Amino acid sequence: MTTLYLVRHGETVDNARMVMQGQTQGALNEEGIRQAEALAERFRKIAIDVFVASDLKRSVDTCRILAAVHGKDVVQTALLRERDWGSFTGRYIPDLKDEVWPDDIEALDALQERARNFLDEIAKKYHGQRVLAVGHGIINKAIQAVHFGKSMRDVKKMSNCEVRILQIIDSAGNALPR
């Protein structure tokens, strides 16, 4: 059994300003750094084998803070990137409420396929290990939806530096069922 500690990155400058970040790098603000340091302290006595992060700066920086107390490096993957919000990227989120969604937003099917591929990779590469993975709000929802066989709307939104624990059970080392 593989234990996956799924974490959302710490608060960013754009989170606080309510700006749609999508696949931009983003930067942790002081609160986000404080959140990551507090979470690192909570995880200090938990044995973690592997630290994985989205390759976007806000997740990498959060994960490096978490990994530092364990003296570990961070493995980066594009599979954990946030949803690509296309032309909504950089816009003030409350202004988007009644907007027609443009065609350049990453399709939910593609997002869920990335989530499935991430879970498959974890099951194969890190079988039987404890993995802490730092992603983003929407990709983390997709990972949980795929893992639990739910609709994304049935998965509760994660707050910054929140942790959800997923048990990936597959004694043969095979990918998760689809």
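Residues numbered from 1 in each chain as written. Predicted model: local features only at pLDDT ≥ 70, side-chain atom pairs only at ≥ 80, totals over all residues. Heavy atoms only, no water.

## Digging into the side chain of His136
Thought 1: Tracing the backbone through its elements, the reader meets His136 in the loop between strand E4 (130-135) and helix H5 (137-148).
Thought 2: Side-chain polar atoms of His136 contact the side chain of Ser54, separated by 2.9 Å.
Thought 3: Those residues in contact with His136 that lie beyond four places of it in its chain are Arg8, His9, Ser54, Leu56, Arg58, Ser59, Leu80, Arg81 and Glu82. (Helix = DSSP H or I, 4+ residues; strand = E, 2+ residues; numbered from the N terminus. Polar contact = N/O pair within 3.5 Å; in protein donor to acceptor, adjacent residues only side chain to side chain. Contact = heavy atoms within 4.5 Å.)

## Quick look at the confidence of the model for the protein
Thought 1: For the protein, the mean per-residue pLDDT works out to 94, and 95% of the residues sit at or above 70.
Thought 2: Across residues 173-178, where pLDDT falls below 50, the model places 15 contacts with residues more than four positions away in sequence or in other chains. (pLDDT = per-residue confidence, 0-100.)

## Focus on the nonpolar core
Across soluble globular proteins, nonpolar side chains show a tendency to be buried alongside one another.
Thought 1: Leu4, Val52, Phe118, Val131, Ala133 and Ile143 are the most contacted members of the largest nonpolar core, which totals 23 residues.
Thought 2: Considering every element that reaches this core, the biggest residue donor is helix H4 (residues 108-125), with six residues.
Thought 3: Every residue in contact with Val131, bar those within four places of it in the chain, is listed here: Thr2, Thr3, Leu4, Tyr5, Val50, Val52, Ile122 and Tyr126. (Core = buried A, V, L, I, M, F, W, Y, C linked by side-chain atoms within 4.5 Å. Buried < 20%, exposed > 50% of the residue type's maximum accessible area, 1.4 Å probe, protein only.)

## Comments concerning the sheet that holds strand E5 (residues 163-168)
By definition, the strands of a sheet pair up through backbone hydrogen bonds, in either a parallel or an antiparallel sense.
Thought 1: Reading across from one edge, E3-E2-E4-E1-E5 is the order of the five strands in this open sheet, with mixed pairing throughout. Across the chains shown, the open sheet's two edge strands, defined by having one partner strand only, are strand E3 (74-77) and E5. Taking each pair of neighbouring strands and ignoring which way they run, the sheet shows an average axis angle of 25°.
Thought 2: Pairing of strand E1 (residues 2-8) with E5 involves six bridges; the strand directions are antiparallel. Within the sheet, the bridge partner assigned to Tyr5 lies in E5 and is Ile165. (Pairing = 2+ DSSP bridges. Axes fitted to C-alpha atoms, helices over the stretch in contact; angles between N-to-C directions.)

## Concerning the pattern of salt bridges
Thought 1: Enumeration according to the criterion identifies nine salt bridges in this entry.
Thought 2: We note a salt bridge from Arg34 to Glu31, for which the minimum N-O separation is 2.6 Å. Of the two residues, Arg34 and Glu31 both sit in helix H2 (residues 30-42), three residues apart, roughly one turn of that helix.
Thought 3: Note that Glu162 is salt-bridged to Arg164, the shortest N-O span being 2.9 Å. (Salt bridge = Lys/Arg side-chain N within 4 Å of Asp/Glu carboxyl O.)

## So, the packing of aromatic side chains
Thought 1: Scanning all chains against the criterion turns up three aromatic pairs.
Thought 2: Ring geometry for Tyr5 versus Phe43: centroids 5.2 Å apart, planes at 90°, classification edge-to-face. Of the two residues, Tyr5 sits in strand E1 while Phe43 sits in the loop between H2 and strand E2 (50-54), which places them 38 residues apart along the sequence. Taken as a pair, Tyr5 and Phe43 share a single burial class, namely buried.
Thought 3: Measuring from ring centre to ring centre gives 5.4 Å for Trp85 and Trp101, while their planes differ by 75°; the resulting arrangement is edge-to-face. Here Trp101 lies in the loop between E3 and H4 and Trp85 lies in the loop between E3 and H4, a separation of 16 residues in the sequence.
Thought 4: The class for Trp85 is buried, based on a relative accessible area of 8%.
Thought 5: Through pairs of rings, three or more aromatic residues link up here, namely Trp85, Phe88 and Trp101.
Thought 6: A cation over an aromatic ring shows up here: Arg83 above the ring of Trp85, its NZ or CZ 4.8 Å from the ring centre. (Phe/Tyr/Trp six-rings, centres within 6.5 Å; stacked < 30°, edge-to-face > 60°. Lys NZ or Arg CZ within 6 Å of the ring centre and 35° of its normal.)

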